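Survey of secondary and tertiary structure
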Amino acid sequence: MKAAEMLEALQFEFIRNALLAGLLASVICGVVGTLVVVNRIVFLSGGIAHAAYGGIGLAFFMGWAYMPTTIAFALLAAMIMALVTVRARHSADTIIGVIWALGMATGVILLDLTPGYNVDLMSYLFGSILTVPPTDIHLMLGVGAAVCACVLYFYNDLLAMSYDEEFARIRGVPVTALYFFLIGMVALSVVVIIQVVGLILVIALLTIPPFIAEKHVSSLLGMMALSIVLGVFFSVSGLIAAYAFNLTSGATIILVAGSGFFLSLLIEYLKQRRFQRNSKMPGSGSAGRSRHTS
Amino acid sequence: MTPSPVIDIRDLYFAHNGQPILEGINLSVQAGDFVAMIGPNGGGKTTLLRLMLGLLQPLQGSIRVFGRPPGQVSHRIGYVPQNVHINTHFPVTVLDVVLMGLLKPGRRWARHGRRDRLAARRALERLEMEDAGNRRIGELSGGQRQRVFVARAIADDPEILFLDEPTANIDTRGQAGFYDLLRRLNQHTTIIVVSHDLLVLSTYVKSVACVNRRLHYHDQAEITADMLETLYPCAPHETCQVELLAHGLPHRVLKSHESR
């Protein structure tokens, strides 16, 4: 596709909104995802994202407002998960799995029971980034600003907790409160972004950019910044590819991000091999020399 | 009258899953002391350390550090954990790790004052690690990381320094230098070190606390036959003699039990 055609596409408001939504999702996911990855709560975050579907079912079934109901439901599920994981951070997989499945199933059943509502699970899974209404953009803008401000405000405490929880506790960092706060922030971010780009893309943007970024930076702040850049790159190039080849946008972005993920693994592997070969060099060289002298 | 102790433990009892770990612990540590907490694995010495740090709460009895519950005096104590291999992939520089030792409750925003940075650099210098400040913590060896963790613990000039098996990652030659450093720090700081290595310690420490469910405190490092007798539960004769043989270096040698 020519560049001129690309610029032409920018004239459409839905394209501009889609780009903006991808940008905002990348910022929120870059910041929150970094904390998710270094605190090893990827599985927990996936659990929250899926359990939140129960909130959507509840909203439609009861006829309540969509956003507040879903956020409240996701926060409730998140706090239960935080409660069971706060004592033993890495060993509560089972309970997370159960809440994950229960939330999702509740959502499906409630939507079944709602008369006249046609369930569209696909749009929850993959979102509809091309039909984002401006109100959702505003909501993401607000949540994004709040998340960035909170993370910068508590940055040193979050860093200390993520790196060495016990030491942070001894230094007087309110670790338990901060952990609940972090999980709550994950829940809020996830719900707001799912609405726009879908659950699968949220998990991809939450984990892939921070995972790639982690190896190339030496601070949490740098990891967040690089994650945002990578997220923006993935979503913009994904959107361009989706537009050019007429593909589902959310899935295309994920494929691009996934390719980036494996590419970074490959580069890492090649780098390591070269490093090993280089460090072997002097050894083999001296062995060769000794053979000559003898 | 002795001045009020910096650490005062009275009739402490602690259990885990119904299993008593510490019973009837009484201990008072005076300012300037250098205490070795020794005892067998599973004897409760690390648990007692965690109680003194406020990470665990006693089931009965009381612990006072500077006359207050341990959790409230966090800025006056330093702590060097045993495990230095946590989170080695974490994107954080050595200097940022040391700066964690200067965290104060209520200080916010992603920045550190110039005073804190200076204090962190000075702490690294004291451990001869000043050149590593900008390196990622994961690039260091276990022994270097141990030094960084000590720098983190002393960055805020603590009045009490707790160390849990600090020489586990340092080779024998490095250990002597390490304990010399502790001796220098001890001029201003009370030191409590958990170790199972009685003999290396005995040349440096001022007193010994033997922990094996119960605690026996000895206000001198000289390990006497009398002491061996009293600390029977925590240092069976065989153990002590094996350690003595294993080292075979000129130390303040334990009197053997039979020679009495």
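The structure under discussion appears in the preceding block.
Since this is a predicted model, take the numbers as computed values, not measurements.

1. Re the overall build of chain A
Within chain A, the regular secondary structure consists of 13 helices and zero strands. In chain A, the succession of α and β elements from N to C terminus is α-α-α-α-α-α-α-α-α-α-α-α-α. The buried share of chain A, reckoned over its 294 residues, is 48%. For chain A, restricting intrachain contacts to residue pairs at least 6 apart in sequence, the fraction spanning at least 24 positions comes to 75%.

2. Comments concerning the overall build of chain B
When you go through chain B residue by residue, the secondary structure sums to eight helices and nine strands. Per-residue burial over chain B gives 51% buried out of 260 residues. Counting only contacts in chain B whose residues sit at least 6 apart along the sequence, the fraction spanning at least 24 positions is 67%. Accessible surface for chain B amounts to roughly 12500 Å². Of this, 48% is attributable to carbon and sulfur atoms.

3. Things to note about helix H5 (residues 93-113) of chain A
Residues and elements named next belong to chain A. Between its terminal C-alpha atoms H5 stretches 30 Å, which fits the 30 Å expected from 21 residues at 1.5 Å a residue. What H5 keeps buried is the set Ile96, Ile99, Gly103, Met104, Gly107, Leu110 and Leu111. Buried residues of H5 fall within an arc of 135° about the axis and therefore sit on the same side. Those residues of H5 that are exposed and aimed more than 90 degrees away from the buried face are Thr94, Leu102, Asp112 and Leu113. Where H5 is buried, its residues touch helix H3 (42-62), helix H4 (66-85) and helix H6 (121-126).

4. Considerations on the pattern of salt bridges
One pass over the structure, following the stated rule, counts 10 salt bridges over all chains. With a closest N to O distance of 2.7 Å, B:Asp156 and A:Arg171 form a salt bridge. Of this pair, B:Asp156 sits in the loop between helix H4 (142-154) and strand E6 (160-164) while A:Arg171 sits in the loop between helix H9 (165-170) and helix H10 (175-197), on two different chains. A residue is classified by how much of its surface remains accessible, and B:Asp156, at 18% relative accessible area, is buried. A salt bridge links B:Asp8 to B:Arg10, with the shortest nitrogen-to-oxygen separation between them at 2.8 Å.

5. Quick notes on the nonpolar core
In this structure, B:Ile7, B:Leu48 and B:Phe162 are the most contacted members of the largest nonpolar core, which totals 162 residues. The element best represented in this core is H10(A), accounting for 16 residues. Beyond its immediate chain neighbours, meaning those up to four positions away, B:Phe162 contacts B:Ile7, B:Leu49, B:Met52, B:Leu53, B:Ile77, B:Gly78, B:Tyr79, B:Val80 and B:Ile192.

6. Structural notes on the sheet that holds strand E5 (residues 77-80) of chain B
In a beta sheet, neighbouring strands pair by backbone hydrogen bonds and run either parallel or antiparallel. Residues and elements named next belong to chain B. Spatially, the six strands line up as an open sheet ordered E5-E6-E7-E3-E8-E9, and their pairing is mixed. Only two strands of the sheet have a single neighbouring strand rather than two, namely E5 and strand E9 (214-218). Along the sheet, successive strands turn relative to each other by an average axial angle of 15°, direction set aside. As paired strands, strand E8 (residues 207-212) and E9 are joined by five bridges and run antiparallel to one another. In the strand pairing of E9, Asn212 is matched with Arg214. Contacting E5 and E6, H4 runs over the sheet at an angle of about 170° to E5.

7. Description of the layout of surface pockets
Residues and elements named next belong to chain A. Of the pockets and cavities examined, the largest pocket occupies roughly 910 Å³. The residue makeup of the lining of the largest pocket, split by class, is nine nonpolar, eight polar and nine charged. Counting residues per element, the ones that place at least two in the lining of the second largest pocket are helix H2 (13-38), helix H11 (199-214) and helix H13 (249-293). Counting residues per element, the lining of the second largest pocket draws most heavily on H13, which supplies four residues.

8. Description of the packing of aromatic side chains
What the rule picks out here adds up to 10 aromatic pairs over all chains. Judged by centre distance (5.4 Å) and plane angle (65°), the rings of A:Phe154 and A:Phe181 are edge-to-face. On the criterion of sequence distance, the pair formed by A:Phe154 in the loop between helix H7 (134-153) and helix H8 (155-163) and A:Phe181 in helix H10 is long-range, its members being 27 residues apart. Between the aromatic rings of A:Tyr163 and B:Phe90, the centroid separation amounts to 5.4 Å while the plane-to-plane angle is 70°, which identifies the pairing as edge-to-face. Remark: B:Phe90 occurs in the loop between E5 and helix H2 (94-100) and A:Tyr163 occurs in helix H8; the pair is interchain, linking two chains. By relative accessible area, which is 2% here, A:Tyr163 ends up buried.

9. Quick word on the environment of A:Leu188
Residues and elements named next belong to chain A. Checked against the element boundaries, Leu188 lands in helix H10. Overall, the relative accessible area of 30% leaves Leu188 in the partly exposed class. Non-local contacts of Leu188, meaning those with residues more than four positions away in its chain, are made with Ile71 and Val143.

10. Topic: the interface of chain B and chain A
With 31 residues of chain B at the interface, the matching set in chain A holds 29 residues. Taken together, the connections running from chain B to chain A amount to three salt bridges. Across the side of chain B that touches chain A, the residue classes break down as 18 nonpolar, seven polar and six charged.

11. Section: helix H1 (residues 45-53) of chain B
All names here are of chain B. Taken across its nine residues, H1 has seven buried, putting it largely inside the fold. Those residues of H1 that sit buried are Lys45, Thr47, Leu48, Leu49, Leu51, Met52 and Leu53. The first or second residue beyond H1 is Gly54, which carries a positive phi of 85°.

What counts, and where the lines are drawn
- Residues numbered from 1 in each chain as written.
- Chains lettered and ligands numbered in written order.
- Predicted model: local features only at pLDDT ≥ 70, side-chain atom pairs only at ≥ 80, totals over all residues.
- Heavy atoms only, no water.
- Helix = DSSP H or I, 4+ residues; strand = E, 2+ residues; numbered from the N terminus.
- Buried < 20%, exposed > 50% of the residue type's maximum accessible area, 1.4 Å probe, protein only.
- Contact = heavy atoms within 4.5 Å.
- Areas by Shrake-Rupley, 256 points an atom, 1.4 Å probe, with all protein chains shown as cover.
- Expected span 1.5 Å × (residues − 1).
- Arc of directions from axis to C-beta.
- Salt bridge = Lys/Arg side-chain N within 4 Å of Asp/Glu carboxyl O.
- Core = buried A, V, L, I, M, F, W, Y, C linked by side-chain atoms within 4.5 Å.
- Pairing = 2+ DSSP bridges.
- Axes fitted to C-alpha atoms, helices over the stretch in contact; angles between N-to-C directions.
- 1 Å grid on protein atoms, 1.4 Å probe; cavity = no way out; pocket = protein on both sides within 12 Å on 5 of 7 lines; lining within 4 Å.
- Points joined across faces, edges and corners; volume = space filled by probe spheres on them.
- Nonpolar A, V, L, I, M, F, W, Y, C, P; charged D, E, K, R; others polar.
- Phe/Tyr/Trp six-rings, centres within 6.5 Å; stacked < 30°, edge-to-face > 60°.

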